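Geometric and topological summary
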Amino acid sequence: VSGTDVKSRSTMVVAKDMIWWRLAAASGAIAVGLGAFGAHGLRGKVDDKMMKTWETASHYHLLHSLALALVPISPAGASRIAGCAFSAGMLLFSGSLYALVLTENKKLGMITPVGGLSLIGGWLALALQKFPMKK
């Protein structure tokens, strides 16, 4: 990749993919806040199994917020697919687990695997993307 290509791509990141940076930052902040809420606000109010469920939700939420931050620096073709997949996955996977703990509605657990598949899809979108080759 030439210096011009890198400069061109970094300009495109600023102009085109800034939404993914912002979404990743906001999602990361929310993940930390929800993790703290679970650790301090839910402790003693929900059983150990539900506490572990909350911890799983916040762990995957934070991890995939970081993954979403990779989207703007990935090859252009992967950006939209991976960003959408990670965003939907966090909402469906972690969101359904958060809601399950707060409402004790076990049926919400049926949504969780769909979110997990979306998270996997985000990683696959990054992995299968073609990288520009040096000429």
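Residues numbered from 1 in each chain as written. Predicted model: local features only at pLDDT ≥ 70, side-chain atom pairs only at ≥ 80, totals over all residues. Heavy atoms only, no water.

1. A short note on the layout of surface pockets
When its volume is computed, the second largest pocket comes out at roughly 190 Å³. As for the second largest pocket, its lining consists of 13 residues, of which Ser 27, His 61, Ser 87, Met 90 and Leu 91 are closest to the centre. Taken together, the residues of the lining of the second largest pocket break down into eight nonpolar, five polar and no charged. (1 Å grid on protein atoms, 1.4 Å probe; cavity = no way out; pocket = protein on both sides within 12 Å on 5 of 7 lines; lining within 4 Å. Points joined across faces, edges and corners; volume = space filled by probe spheres on them. Nonpolar A, V, L, I, M, F, W, Y, C, P; charged D, E, K, R; others polar.)

2. Brief notes about the pattern of salt bridges
Scanning the model with the defined rule gives one salt bridge in all. Ionic pairing is found between Arg 43 and Glu 55, a salt bridge with its closest N-O pair at 3.7 Å. Taken together, the residues span a long stretch of sequence, with Arg 43 in the loop between helix H2 (18-42) and helix H3 (48-70) and Glu 55 in helix H3 at a distance of twelve residues. By relative accessible area, which is 34% here, Glu 55 ends up partly exposed. (Salt bridge = Lys/Arg side-chain N within 4 Å of Asp/Glu carboxyl O. Helix = DSSP H or I, 4+ residues; strand = E, 2+ residues; numbered from the N terminus. Buried < 20%, exposed > 50% of the residue type's maximum accessible area, 1.4 Å probe, protein only.)

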